[in-house]
Amino acid sequence: MDNKPQSAIEVRGLDLSYDDYEVLRNLNFSVNQGDIFIVMGGSGCGKSTLLKVLIGLKEPLKGEVLYSGVNFWAEDESVRQDLMRSFGVLYQSGALWSSFTLGENIALPLQLYSELSSAQIREMVELKLSLVGLGGYADFYPGQISGGMRKRAGLARAIALDPGIIFFDEPSAGLDPLSARLLDDLIIQLRDALGATIVIVTHELASIFAVGDKAVLLDAESKGIIAEGKPKDLLAGSKDPRVIQFLTRGEKQGAAL
Amino acid sequence: MPLSQLSFDYPCANTLRLKLSGEWLIRAVLPSENEVLTQLAGNKNITRITFDASEITKWDSGLVSFLLNLIREGGRRNVIIERQGLPLGVVKLLELALKVDEKNIPRKIEPEGLLERVADKLLAFCSGALAVVNFLGEITFAFGRLIAGKAYFRRDEFAAIVQRCGAGALGLVSLISILVGMILAFIGAIQLKLFGAQIYIADIVGIAMVRVMGAVMTGIIMSGRTGASFAAELGLMQVNEEVDAFKTLGISPVEFLVMPRVLALIIMMPLLTIYADFMGIAGGFLISVNFLGLNPVEYWHHTQSAVKLSHVWIGLTHGLVFGIIVAVAGCLRGINCERSAEGVGAATTSAVVSAITSIVVATAVITFICQVLGV
């Protein structure tokens, strides 16, 4: 019997550009089902551009992105739309629709893509909000809550349809250390509870070591992946000074000043 | 305060030593590196520059900037710049400033030859035009789904948009239309008085307002008011990734955000046009009766007989077309907004400018068609 873990996402020979600038080339990696996978790298190395390609917002210059074997960018628009509905995305800003209440934000995907009745949708909204620690906030507008709460509400919307894959864009950015830690714990709990595959784009070291099962480190200079593996193993075992420098915030090997 | 001073000596034949003294502060007048370059030009044997900074009393980034320029210039002329004699802080700042690795700057993918560049520009123009056609196609498709009863948008938000671009605009439309009616009456009076035919002011005001001016003025008001608001709203949603959030959920932003706005203006613009027509006629009436001494009943009868149903239909057609123009321009610019504060400003400006320009062009086209058709 083959015990090899099944790939939820497979990236093959991906070249990416931002506006007219080539940022990454020949990316190859795979994400196992149920893993928390980290895409890390310094500012401007193309992390967010890669995320846009993965979630279907930006077409790559070339290469393939396979979801459970389906070549996403080679498929028709309708197939891509179907696949996108199996994703949950937490954007860096939360990206809550500002004219909707938190409850309406979470209810919209349920209204569109489920057969639930209005009463069931209300219950589901309350459940999702409770899962992220925002029970009772359904009638609040995004402008009435804090940045950390907006992130959690965004996460509640991302998991509204119980997605198979959840993408996070810099989830800890702009949060105080305690809120960031709570969000990290929440990510692990949701992975365990929902069995979802999670992809996190970040450069927050504390989060990388706290939640990451596997990571890739992108490098702006070589425009590719310079390290791949468990974050703790990379720190302990990597010989590459760029990897050590990134994972120790430059405190070892080659701090500039 | 001792000023910054720069002097030179030659410790050996191939070395120029720069003696820096005084306060090298950014707020003061600092020596230029050209003084050093003049020394280099006057002595071709110099291959090394050293520093004596022992008499510098204060320094800030003014000194660092001076040295940075010198180091870059030295690099171009193959002159070695030795930094040992400089304050330690200055040396560290220079290291930091020189650390920018040009290999890390992303390489622009651009065509190299003239022909490729021209083709690239042409393709960019074509793709821009195609984007507009594509956007119109998406709106048409969304309306198709609306007619088929499959379109998904929030009815309460649609009602709020209708209220904002309809009832909310009445004050401004009233003011502008009454004033335009008054202006038309005054201008008409200047010429018609010569022939004792002032009563025809009623005809001029009535026909002008109903046929074109009511719609044009309403269109211009709505461009500045509603079109700009649509562009800013959607632009900010783009900046906050709210539009992306719709896309990743498989919800068409055109159907959910654009179509209700276009529909709202399609409904409200003809109604506002009729309202503007009445306000304009009322403005002309006020001036004609109170200042030009015309009989109110006679004025009213003349207006009634001059304004034909065909004029009303032409005015309504103008209103409908302008409504579509204003809504599409605002939503198109908003949805395609760049993700920055500047981008939202540019999208708003562009929405107003393109709407007003398109309104004038559309007026000319409709007027020409009416002329050809004889209506």
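Just so it is clear, the model here is predicted, and its values are computed rather than measured.

Q: Go over the overall build of chain A, please, and point to the residues and values.
A: Of the regular secondary structure elements, chain A holds nine helices and ten strands. Going through the 257 residues of chain A one by one, you find that 42% of them count as buried. The long-range fraction of contacts in chain A, counting pairs at least 24 apart against all pairs at least 6 apart in sequence, stands at 64%.

Q: Provide a residue-level description of the environment of G283(B), including the pertinent values.
A: Residues and elements named next belong to chain B. The residue G283 is located in helix 9 (residues 253-290) in this model. For the pair G283 and S310, spaced 27 residues apart in sequence, the C-alpha separation works out to 22 Å. When neighbours within four sequence positions are excluded, G283 is seen to be in contact with S177, I178, L179, V180, G181 and M182.

Q: How would you sum up the domain arrangement of chain B? Please name residues and give values.
A: Many structure descriptions define interface size as the accessible area lost when the parts assemble. All names here are of chain B. For chain B, the assigned domains read domain 1 (5-104), domain 2 (108-151) and domain 3 (154-373). With nine residues of domain 2 at the contact, the number on the domain 3 side is eight residues. Across the side of domain 2 that touches domain 3, the residue classes tally to seven nonpolar, no polar and two charged.

Q: Could you give me a rundown of the nonpolar core, with the residues and numbers involved?
A: In summary, soluble globular proteins display a tendency toward joint burial of nonpolar side chains. Core analysis: the largest hydrophobic core is formed by 144 residues, its most contacted members being L129(A), F167(A), I198(A), V199(A), V262(B), L265(B) and C331(B). With sequence-adjacent residues up to four places away left out, L129(A) is seen in contact with L102(A), I106(A), L134(A), G135(A), Y137(A), A138(A) and A156(A). Among the nonpolar cores identified, the runner-up in size contains 17 residues, and V36(B), W59(B), F66(B) and L86(B) belong to it.

Q: Please provide a residue-by-residue account of the environment of S146(A), values included.
A: Residue and element names in this part refer to chain A. Positionally, S146 belongs in the loop between helix 4 (118-131) and helix 5 (147-158). The exposure class of S146 is exposed, given the 11 C-beta atoms found within 10 Å. The spatial distance from the C-alpha of S146 to the C-alpha of L175 is 9.9 Å, given a sequence separation of 29 residues.

Q: I'd love a proper account of helix 11 (residues 309-335) of chain B, names of residues and values included.
A: Taking 1.5 Å per residue, 27 residues should reach 39 Å; helix 11 of chain B reaches 39 Å between its end C-alpha atoms and fits that length. Helix 11 of chain B sits mainly inside the fold: 19 of its 27 residues count as buried.

Q: Could you give me a rundown of the packing of helix 3 (residues 102-113) of chain A against helix 4 of chain A, with the residues and numbers involved?
A: Residues and elements named next belong to chain A. The N-to-C vectors of helix 3 and helix 4 enclose an angle of 120°; their axes lie 9 Å apart at closest approach. For the element pair helix 3 / helix 4, the angle class is oblique. For the pair helix 3 and helix 4, the crossing hand works out as right-handed. For the pair helix 3 and helix 4, the contacting residues are L102, G103, I106, A107, L110 and Q111 in the first and I121, M124, V125, K128 and L129 in the second.

Q: Describe the sheet that holds strand 8 (residues 197-202) of chain A, listing the residues and the values that go with them.
A: Residue and element names in this part refer to chain A. An order of 6-7-8-3-9-10 is seen for the six strands of this open sheet, with the pairing classed as mixed. Every interior strand has two partners, whereas the edge strands, strand 6 (87-90) and strand 10 (224-229), have only one. Taking the axes of each pair of neighbouring strands and ignoring which way they run, one obtains an average angle of 15° across the sheet. The pairing of strand 6 with strand 7 (residues 165-169) spans four bridges and is classified as parallel. In the strand pairing of strand 7, F87 is matched with I165.

Q: How would you explain the pairing of strand 1 (residues 7-18) of chain A if you had to name every residue and give the values?
A: Regular strands place side chains that alternate from one sheet face to the opposite one. All names here are of chain A. Strand direction decides the pairing type here: strand 1 and strand 2 (residues 21-32), joined by eight bridges, are antiparallel. The partner of Y18 across the bridge, within strand 2, is Y21. Of the strand pairs in this sheet, strand 1 and strand 4 (residues 62-67) are connected by five bridges, and their pairing is antiparallel. Bridging across to strand 4, V11 finds its partner in V65.

What counts as what
- Residues numbered from 1 in each chain as written.
- Chains lettered and ligands numbered in written order.
- Predicted model: local features only at pLDDT ≥ 70, side-chain atom pairs only at ≥ 80, totals over all residues.
- Helix = DSSP H or I, 4+ residues; strand = E, 2+ residues; numbered from the N terminus.
- Buried ≥ 20, exposed ≤ 12 C-beta atoms within 10 Å, placed from the backbone.
- Contact = placed C-beta atoms within 7 Å.
- Domains from an automatic or database assignment.
- Nonpolar A, V, L, I, M, F, W, Y, C, P; charged D, E, K, R; others polar.
- Core = buried A, V, L, I, M, F, W, Y, C linked by C-beta atoms within 7 Å.
- Expected span 1.5 Å × (residues − 1).
- Axes fitted to C-alpha atoms, helices over the stretch in contact; angles between N-to-C directions.
- Parallel < 35°, antiparallel > 145°, perpendicular 65-115°, else oblique.
- Left-handed = near helix turned anticlockwise from the far one by under 90°.
- Pairing = 2+ DSSP bridges.

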